[in-house]
Amino acid sequence: MTVLQVLKRRRSIQRFENEGLLLTREMIEEMIGDACLAPSDFNLQPWRFVVVRDRERKEILYDCAYKQEKVRTASAVVIVCGDAFADRRAEAEAAEAVKAGALDEMEAARMVEAIHRSFEGNDVARFAMAVRDPAFAAMALMLLATERGIGTTPIGRFDDKALRRAFSIPDRYFPVLLVALGLPALDAPVPPRGRRMPPSDVVFHEGMGGAEP
Ligand SMILES: Cc1cc2nc3c(=O)[nH]c(=O)nc-3n(C[C@H](O)[C@H](O)[C@H](O)COP(=O)(O)O)c2cc1C
């Protein structure tokens, strides 16, 4: 399948066959591993993934997600989290890059300095780090699943506090999105896709012009 074909095939599944697919830990880990080929600022890889397959754990997640039925009927749900303090790994990441031959010592030192300059005392940059890269990884995961014939739904409506508590997510991590994975309900045709605004409404060339529509 081409990238365009996968993009066209991906839809947010509203109803899953109840635990209709057997998704093993290994299958999910492999897809997540591939999804982590997504781009990452300074290659800090601030994404973390909590895989929920157990029925009782899904039931708890269902409560956290305001009882959205798809959470309990999905075969697995991945809680995609972002690390707002991934810059703490700057030195370690730079050393890895030197070891891999991707950077020399001088470049690595410059990278470490740039990382600290970008994030220290900058909460907006921290928040962006915790959301952007994990969102790319979540999209990659959905596309990889789609390519394998697995239905997906991104889920952003959940109780952040309850989720953190129930799944022991430390403060430095930000739960970005749930990605439900499963078999789309066999008796429910996927509804037509909602209209996307055309390029003429969303694309601006060389600047936005300042005027709000
Ligand atoms: C950030 C984000 C949060 C979303 N949260 C939910 C959600 O909580 N529940 C849900 O059923 N769908 C959710 N969706 C799916 C959207 O409703 C869906 O992407 C949109 O209707 C377009 O449909 P499509 O994905 O099939 O093209 C979310 C999508 C995004 C990008």
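Scroll up for the structure.
Each chain carries its own residue numbering, running from 1 in the direction its sequence is written. Note on the predicted model: pLDDT of at least 70 is required for a residue's local features to be given, and 80 or more for side-chain atom pairs to be given and counted; whole-chain, interface and lining totals, by contrast, use all residues. Excluding hydrogens and water, the side-chain values take into account all heavy atoms of the structure.

**Student:** Before we go on, may I ask you to explain the state of the cysteines in this structure?
**Tutor:** Here is the idea: a disulfide is a covalent bond, and it sits between the sulfur atoms of two cysteines. Only a pair of cysteine sulfur atoms within 2.5 Å counts as a disulfide in this structure description. On inspection of all chains with the given rule, the structure shows zero disulfides. For Cys36, which is in no disulfide, the shortest distance to another cysteine sulfur is to Cys81 and amounts to 13 Å. Given the relative accessible area of 23%, Cys36 is considered partly exposed. The thiol of Cys64 is unpaired, and the distance to the nearest cysteine sulfur, on Cys81, comes to 12 Å. Since its relative accessible area comes to 4%, Cys64 is described here as buried. Categorising residues by exposure relies on relative accessible area from a 1.4 Å probe, with only protein chains included: less than 20% of the type maximum marks a residue as buried, more than 50% marks it as exposed, and the intermediate range marks it as partly exposed.

**Student:** Would you mind showing me how to read helix α5 (residues 90-99) here?
**Tutor:** Side chains three or four residues apart in an α-helix point the same way, a direct result of the helix having 3.6 residues per turn. For the purposes of this entry, the term helix denotes a DSSP run of H or I that reaches at least four residues, the term strand denotes a run of E that reaches at least two, and both are numbered from the N terminus. Considered for burial, the residues of α5 that qualify are Ala90, Glu93, Ala94 and Ala97. Viewed along the axis of α5, the buried residues span an arc of 100°, placing them on a single side of the element. Whether two residues are in contact is decided by their heavy atoms, any of which lying within 4.5 Å being enough. The inward-facing, buried residues of α5 abut α6 (105-119). Two residues or fewer after α5 comes Gly101, characterised by a positive phi angle close to 80°. The directions considered for the arc are those from the helix axis to the C-beta atoms.

**Student:** Would you take a moment to explain the site of the ligand for this structure?
**Tutor:** The nearness test applies per residue and asks whether one of its heavy atoms lies within 4 Å of the molecule or strand. The environment of the ligand is formed by 14 residues, the closest being Arg11, Ser12, Gln68, Lys70 and Arg193. Two N or O atoms count as a polar contact when they lie within 3.5 Å, although within protein this holds only if one can serve as hydrogen donor and the other as acceptor, and sequence-adjacent residues are included solely when both atoms are side-chain atoms. Taking Gln68, its side chain carries an N or O atom lying 2.8 Å from a nitrogen atom of the ligand. In isolation the ligand has 620 Å² of accessible area, and contact with the protein removes 64% of it. Element by element, the count of residues in the shell around the ligand is highest for strand β3 (residues 151-155), at three residues. Residue burial considers only the protein chains on display, and all accessible areas are found by Shrake-Rupley using a 1.4 Å probe.

**Student:** Looking at this structure, how should I read the pattern of salt bridges?
**Tutor:** Pairing between side chains of opposite charge can happen when the charged atoms of each approach one another. When a carboxyl oxygen of Asp or Glu is within 4 Å of a side-chain nitrogen of Lys or Arg, the pair counts as a salt bridge. Enumeration according to the criterion identifies 15 salt bridges in this entry. Between Arg89 and Glu93 there is a salt bridge, with the nearest N and O atoms lying 2.5 Å from each other. The partly exposed category is assigned to Arg89, whose relative accessible area is 26%. Judged by relative accessible area, Glu93 falls into the buried class, the value being 10%. One salt bridge in this structure joins Glu113 and Arg117, with 2.9 Å as the shortest N-O distance. Here the residue Glu113 and the residue Arg117 both occupy positions in helix α6, the gap between them amounting to four residues, near one helical turn. Taking relative accessible area as the criterion, Glu113 reaches 44% and is therefore assigned partly exposed.

**Student:** Would you mind going over the packing of aromatic side chains with me for this structure?
**Tutor:** For any pair of aromatic rings, geometry is given as the distance between the ring centres together with the angle between the planes. Any two of the Phe, Tyr and Trp rings considered here, Trp counted by its six-membered ring, make a pair once their centres fall within 6.5 Å; the pair's planes then place it as stacked at under 30 degrees, edge-to-face at over 60, or tilted in between. Taken as a whole and judged by the stated rule, the model has two aromatic pairs. Consider the rings of Phe42 and Phe119, whose centres lie 6.3 Å apart with planes at 75°: the pair is edge-to-face. Of the two residues, Phe42 sits in the loop between α2 (25-35) and β1 (47-52) while Phe119 sits in helix α6, which places them 77 residues apart along the sequence. A relative accessible area of 23% places Phe42 in the partly exposed class. Judged by relative accessible area, Phe119 falls into the buried class, the value being 3%. Between Phe127 and Phe174, the ring centres sit 5.2 Å apart and the planes meet at 75°, which makes this aromatic pair edge-to-face. Within this pair, whereas Phe127 is found in helix α7 (residues 123-147), its partner Phe174 is found in strand β4 (residues 173-182), the two being separated by 47 residues in sequence.

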